[in-house]
Amino acid sequence: MPKIKKVNPEVKLDKFKFEGKEVKIDGLHQISEQDREELEMAGVDIEEVERSGTYLHINHSKATCSTKQEGLEILDIKDALEKYDGLSEYFWKAVNKDKDEYTKLAAEKLHGGYFIKVEKGRKITEPVQSCLFIKGENVGQSVHNIIVIEEGAEVHIITGCATSHKVKSALHLGISEFYIKKGGKLTFTMVHNWGEQVAVRPRTVGIVEEGGVFQSNYILLKPVKSVQSFPVIYLNGKGSVARLNSILVAPPGAYINSGNKIVLNAEDTRGEIISRAITTGGEIIAPGIIEANSVPAKGHLECKGLILNDGIIHAIPELKGTKSGVELSHEAAVGKIAQEEIEYLMARGLDEDEATSTIVRGFMNVDIMGLPAKLKQSIDKIIAETEKDMF
């Protein structure tokens, strides 16, 4: 990851409470009305009508977990460690537990997290949903998630991360390890709906084998104090593919350091990173790296940013090729909305605010992500709520 300034504001780990009583419920129907709103704004389907399984973690423990489809296993990570004799093939194998102070603390203070496995050849038609939820002021939450997509299997996992409506300050530590076997496909959509003083420190690594596909959609539209995230995806098998999409919005006071890296380690691999960033007063650092160590291999990186008010967007595209014949490209642009675009829409009957809002909505268009219709409706609702805060 490129060296950039130290994350600001600093996270004081001793401020947060990593101990507390377990919260257990019989299903999402027991969630309070106010908390339902927060979960729905993170893409969670409370009714579970179009979901093949659900995992909910509240504060320091699993709250509920269920699956509706054969060939799909969903467990709390603690239960999976016990069932599979420590998950020696996967647990802390992709992410280094000594990477930094956050991984060390996550290893020491394991609260739970989801283990999701799709059996060989299974095509899970409806998405799996997971939610990592924080209730309580100054709660420190530490989860470790593992996803295993066996050979030829396919699934879409929607993860919503959120805090209760009364929570202002909290810390979320999330370790995620993804393993996609030969010919497997994982679509992973993450929607963050944190509080204004919440610090978020995910550490994510994915390993994709021959013919595997990994598509990631990351959406952060609501206020947050600071985020530091840099998923790394290794394409280790011939013909494997990774597509990483993100939409980031930084209101005043927010510091978002969020990027991606794809490593093309085998022939006929392809990687794509597409980032959309908007600041209305906050700071966004958007590093992106594509590294190619085999041929033929293709990669493209695209980062576009809009500055709507005084704020900072620092786009850092980086390409690294170590073999003759790799094909890597990037484009980056940061600026304001073109006046001629606003004037064009105003000439067709919109006022200036309406014209600006229309352009911003198009800039944050998530059609490229291939989301399920119901989730896209939720995202469109979040975008509409975000626009109210922008203008």
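Everything numeric here is computed off the predicted structure, so don't read it as measured data. (Residues numbered from 1 in each chain as written. Predicted model: local features only at pLDDT ≥ 70, side-chain atom pairs only at ≥ 80, totals over all residues. Heavy atoms only, no water.)

1. Side note on the overall build of the protein
And then number 1: Along its length, the protein carries six helices and 21 strands.
And then number 2: Computed over C-alpha atoms, the radius of gyration of the protein comes to 20 Å, within 12% of the 21 Å expected from 2.2 N^0.38 for 391 residues, which places it in the range of a compact globule.
And then number 3: When the backbone C-alpha atoms are referred to their principal axes, the protein occupies close to 65 × 55 × 40 Å.
And then number 4: A total of 391 residues make up the protein; the buried ones form 57% of that total.
And then number 5: Residue pairs at least 24 apart in sequence account for 84% of intrachain contacts in the protein once pairs closer than 6 positions are excluded.
And then number 6: For the protein, the accessible surface area stands at approximately 16400 Å², while carbon and sulfur atoms represent 45% of it.
And then number 7: Charge separation in the protein, taken as the distance between the mean sites of 49 positive and 57 negative side-chain charges, equals 4 Å. (Helix = DSSP H or I, 4+ residues; strand = E, 2+ residues; numbered from the N terminus. Rg over C-alpha atoms; globule rule 2.2 N^0.38 Å. Buried < 20%, exposed > 50% of the residue type's maximum accessible area, 1.4 Å probe, protein only. Contact = heavy atoms within 4.5 Å. Areas by Shrake-Rupley, 256 points an atom, 1.4 Å probe, with all protein chains shown as cover. Lys, Arg positive; Asp, Glu negative; His and termini not counted. Charge placed at Lys NZ, Arg CZ, Asp CG, Glu CD.)

2. Considerations on the pattern of salt bridges
And then number 1: One pass over the full model with this rule turns up 16 salt bridges.
And then number 2: Of the charged contacts in the structure, one is a salt bridge between glutamate 267 and lysine 238, with a shortest N-O distance of 3.4 Å. Remark: lysine 238 occurs in the loop between strand E13 (232-235) and strand E14 (241-250) and glutamate 267 occurs in the loop between strand E16 (260-264) and strand E17 (269-279); sequence separation between them is 29 residues.
And then number 3: For glutamate 267, a relative accessible area of 34% puts it in the partly exposed group.
And then number 4: Taken together, the shared-partner salt bridges connect Glu73, Lys83 and Lys117 into one network. (Salt bridge = Lys/Arg side-chain N within 4 Å of Asp/Glu carboxyl O.)

3. Considerations on the confidence of the model for the protein
And then number 1: In the predicted model, the protein carries a mean pLDDT of 91, and 94% of its residues have values of at least 70.
And then number 2: Counted against residues more than four places away or in other chains, residues 1-7, with its pLDDT under 50, gives 19 contacts. (pLDDT = per-residue confidence, 0-100.)

4. Observations regarding the packing of helix H4 (residues 339-346) against helix H5 (residues 352-363)
And then number 1: Look at H4 against H5: their axes get within 9 Å of each other, and the N-to-C directions meet at 120°. Along this stretch, H4 crosses H5, giving a crossing that reads as right-handed. Here Glu341, Ile342, Leu345 and Met346 of H4 lie close against H5, whose contacting residues are Glu352, Ala355, Thr356, Thr358 and Ile359.
And then number 2: Taken together, the residues that form the contact of H4 with H5 break down as five nonpolar, two polar and two charged. (Axes fitted to C-alpha atoms, helices over the stretch in contact; angles between N-to-C directions. Left-handed = near helix turned anticlockwise from the far one by under 90°. Nonpolar A, V, L, I, M, F, W, Y, C, P; charged D, E, K, R; others polar.)

5. Examining H5
And then number 1: With 12 residues, H5 ought to run about 16 Å at 1.5 Å a step, and its terminal C-alpha atoms sit 17 Å apart, in line with that.
And then number 2: Listed as buried for H5 are Ala355, Thr356, Ser357, Ile359, Val360 and Phe363.
And then number 3: N-cap assignment for H5: the residue whose side-chain oxygen lies 3.2 Å from the backbone N of aspartate 353 is aspartate 351. (Expected span 1.5 Å × (residues − 1). Polar contact = N/O pair within 3.5 Å; in protein donor to acceptor, adjacent residues only side chain to side chain.)

6. Structural notes on unusual backbone geometry
And then number 1: For the peptide bond that leads from valine 295 to proline 296, omega is -5°, which places it in the cis range.
And then number 2: Along the chain, proline 296 falls in the loop between strand E18 (283-292) and strand E19 (297-307).
And then number 3: In this structure, tryptophan 92 takes a positive phi of about 60° despite not being glycine.

7. What about the pairing of strand E9 (residues 185-193)?
And then number 1: For E9, a buried count of eight out of nine residues is recorded, marking the element as mostly surrounded by other parts of the structure.
And then number 2: In the sheet, strand E7 (residues 154-163) pairs with E9 via nine bridges, with the strands oriented parallel. By the bridge assignment, threonine 159 is partnered in E9 with methionine 190.
And then number 3: Here E9 pairs with strand E11 (residues 213-220) via eight bridges, running parallel. The residue of E11 that forms the bridge with threonine 187 is glutamine 215. (Pairing = 2+ DSSP bridges.)

8. Description of the packing of aromatic side chains
And then number 1: The final tally for this structure, using the stated rule, is six aromatic pairs.
And then number 2: Considering the side-chain rings of phenylalanine 178 and phenylalanine 188, the 4.8 Å spacing of their centres and the 50° angle between planes classify their relative orientation as tilted. Taken as a pair, phenylalanine 178 in strand E8 (residues 169-180) and phenylalanine 188 in strand E9 lie far apart in primary sequence, 10 residues in all. Side by side, phenylalanine 178 and phenylalanine 188 carry an identical accessibility label, which is buried.
And then number 3: Taken together, a centroid distance of 5.6 Å and an interplanar angle of 45° make the contact between phenylalanine 178 and phenylalanine 214 tilted. Residue phenylalanine 178 is found in strand E8, and its partner phenylalanine 214 is found in strand E11; the two are separated by 36 residues along the sequence. Here phenylalanine 178 matches phenylalanine 214 in class, with each residue buried.
And then number 4: Through pairs of rings, three or more aromatic residues link up here, namely Phe178, Phe188 and Phe214. (Phe/Tyr/Trp six-rings, centres within 6.5 Å; stacked < 30°, edge-to-face > 60°.)

9. Considering the nonpolar core
And then number 1: Ile147, Leu186, Phe188 and Phe214 are the most contacted members of the largest nonpolar core, which has 54 residues in total.
And then number 2: Ignoring sequence-local partners within four residues, the contact set of leucine 186 consists of Ile147, Ile149, Val155, Ile157, Phe178, Ile180, Val213, Phe214 and Gln215. (Core = buried A, V, L, I, M, F, W, Y, C linked by side-chain atoms within 4.5 Å.)

10. A short note on the sheet that holds E19
And then number 1: The 10 strands are arranged E2-E1-E5-E7-E9-E11-E14-E17-E19-E21 in an open sheet whose pairing can be described as mixed. Of all strands in the sheet, those with a lone pairing partner are strand E2 (61-67) and strand E21 (327-335), marking the two edges. The mean inter-strand angle of the sheet, taken between neighbouring strand axes irrespective of direction, is 5°.
And then number 2: In this sheet, E21 lies alongside E19 in parallel orientation, the contact comprising nine bridges. Bridge assignment links lysine 304 to a residue of E21, and that residue is alanine 333.
And then number 3: The sheet contacts of helix H1 (residues 33-40) involve strand E5 (128-134), E7 and E9, and relative to E5 the element is tilted by about 120°.
And then number 4: Strand contacts of H5: E17 and E19, with the helix running at about 155° to E17, the strand carrying the most contacts.

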